[in-house]
Structure formats: structure tokens, C-alpha cells
Amino acid sequence: MLNKDPGHAAVKQELDHLAARFFRAVSFEAGEAPSYGDIHGLFIATGLLIKNTASTPEISSVAEFIAPRQALVDSGALTRFKEWELSQTTQIFGNIAHRYSAYGKAGTQGGKAFEARGVISTQFIKTPEGWKMSAMAWDDERPGLSLPAELLGG
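So, here is what we can say about the structure in this document. All of these numbers come straight from a predicted model, not from anything done at the bench.

## Some thoughts on the pairing of strand E1 (residues 43–51)
Here's step 1: Two strands pair when backbone bridges link them, and E1 and strand E6 (residues 130–140) are joined in this way by 5 bridges, in the parallel orientation. Within the sheet, the bridge partner assigned to Lys51 lies in E6 and is Trp138.
Here's step 2: Here E1 pairs with strand E2 (residues 58–60) via 3 bridges, running antiparallel. Bridged to Lys51 within E2 is Glu58.
Here's step 3: Between E1 and E2, which pair antiparallel in sequence order, lie 6 residues.

## Comments concerning the packing of aromatic side chains
Here's step 1: Scanning the entire structure with this criterion turns up 4 aromatic pairs.
Here's step 2: Ring plane angle 40° and centroid distance 6.3 Å describe the contact between Phe22 and Phe65, whose orientation is recorded as tilted. Residue Phe22 is located in helix H1 (residues 6–26), and its partner Phe65 is located in helix H2 (residues 62–75); the two are separated by 43 residues in the primary sequence.
Here's step 3: Consider the rings of Phe65 and Trp138, whose centres lie 5.9 Å apart with planes at 85°: the pair is edge-to-face. In this pair, Phe65 sits in helix H2 while Trp138 sits in strand E6, placing the two residues 73 residues apart along the sequence.
Here's step 4: Overall, the relative accessible area of 11% leaves Trp138 in the buried class.
Here's step 5: An aromatic cluster is defined as three or more aromatic residues linked by ring pairs; in this entry it consists of Phe22, Phe23, Phe65 and Trp138.

## Observations concerning the side chain of Thr108
Here's step 1: Its location among the elements puts Thr108 in strand E4 (residues 96–109).
Here's step 2: Dropping the residues within four chain positions of it, Thr108 is found in contact with Ala77, Leu78, Thr79, Arg80, Ala113 and Phe114.

## Quick look at the sheet that holds E1
Here's step 1: As summarised here, the arrangement of the 6 strands in space is E2-E1-E6-E5-E4-E3, forming an open sheet in which the pairing is mixed. Either end of the sheet is taken by a strand with one partner, and the two such strands are E2 and strand E3 (78–93). With direction set aside, neighbouring strand axes in the sheet form an average angle of 20°.
Here's step 2: Both E4 and strand E5 (residues 112–127) contribute to a ladder of 14 bridges, which runs antiparallel. Pairing of Ala97 across the sheet is with Phe124, part of E5.

## Some points on H2
Here's step 1: Between its first and last C-alpha, H2 extends 20 Å over 14 residues, near the 20 Å set by a 1.5 Å rise per residue.
Here's step 2: Among the residues of H2, those classed as buried are Val62, Phe65, Ile66 and Val73. Down the axis of H2, the smallest arc covering the buried residues is 85°, so these residues share one side. Those residues of H2 that are exposed and aimed more than 90 degrees away from the buried face are Asp74 and Ser75.

Rules used in this analysis
- The residue numbers shown here count from 1 along each chain, following its written sequence.
- Only residues with pLDDT of at least 70 are given local features in this predicted model, and only at 80 or more are side-chain atom pairs given and counted; all residues enter the totals for whole chains, interfaces and linings.
- By convention in this description, side-chain values take in all heavy atoms of the structure and omit both hydrogens and water.
- For two strands to pair, DSSP has to find at least two bridges joining them.
- Secondary structure counts use DSSP, requiring at least four H or I residues in a row for a helix and at least two E residues in a row for a strand, with both numbered from the N terminus.
- The aromatic pairing rule takes the rings of Phe, Tyr and Trp, using the six-membered ring of Trp, and pairs them if the centres are within 6.5 Å, calling planes under 30 degrees apart stacked, those over 60 edge-to-face and the rest tilted.
- The rule is simple: take the accessible area with a 1.4 Å probe, protein chains only, and divide by the maximum for that residue type; under 20% is buried, over 50% is exposed, in between is partly exposed.
- Residues count as neighbours in contact if any of their non-hydrogen atoms are within 4.5 Å of one another.
- To define axes, lines are fitted to C-alpha atoms, for helices over the stretch in contact only, and angles between the resulting N-to-C directions are given on a 0 to 180 degree scale.
- For a helix, the expected span equals 1.5 Å multiplied by the number of residues minus one.
- Taking the helix axis as origin, the arc is that swept by the directions to the C-beta atoms.

Written out as C-alpha cells, the structure is:
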């Protein structure tokens, strides 16, 4: 059911903006530098980023998420990276919200191009400073695990 409340639409627009800012912060073209530092402002101070693509989740603070990625860029191993949202479903209730996104990513690491897709689950909370991300968890496609058709419009 579509919520026609104008306040709901404004919150959705703010959450769309936060998600877009995250994807911009991690994306960069060859010869450019990523804006990883911008990620701090998107999350609450104790925000978590959880890569759950293997048997054991990698649970990181914002700083712990940024550090290995910045090291890859600084070493020249990661020379290009782009991440984008393919589709999303956002639910808002009072001071909490959840966004379930299909996403794509592509880049060049170690001189080799790569491309993948997956799903990101992002939780948001309303704070005195506005809406912030509190946690983000993701998993990627692999043999036996494909994006659900409903996330791809099918």
C-alpha cells in the first residue's frame, strides 16, 4: 500500500538521498579518489556495516569498513569502483525505516575487471540531527544464490 502522507514522502526522499550519498561515497573512476570520509556523516556514531558473503560475517564500524578499502586504493590495487542501486523497497514507521536494495557493483582490482550483484539491507533511525543509517548488511550473488525476481521487477 502506498502511503500518501506528505510527511512520509519527505522522509522517503531523505532516505533516498542518504542511500545515493552512500553509493557516491564508495564509487570512483580511474584516476579519482573515493569519498570514503563522507560515509561517517551518513551513519550514527556506532553504526555497523556487515559483509555477509561467506560463512562468517565481517562486522565493521564505519572506520573499520573504510580502512581496508582505503588501503586498497592507496596501494594502487583498487583503481576503479562503482556501486549502484538496481531497485529498492523502503518501509517507514515513525522514527525507524528499512530499505531493501538490489545493487550492482563493478571495478578494477589487481588489474582485473570485476562485476557482481547482491542485496543490501539498510536500517535507518531518526535522530535529533535527522535521519541516519544505523546498520547496513549485504550479501552477493553466487552459485545457488540469485537476486529475487521481485527485486528485479520480474
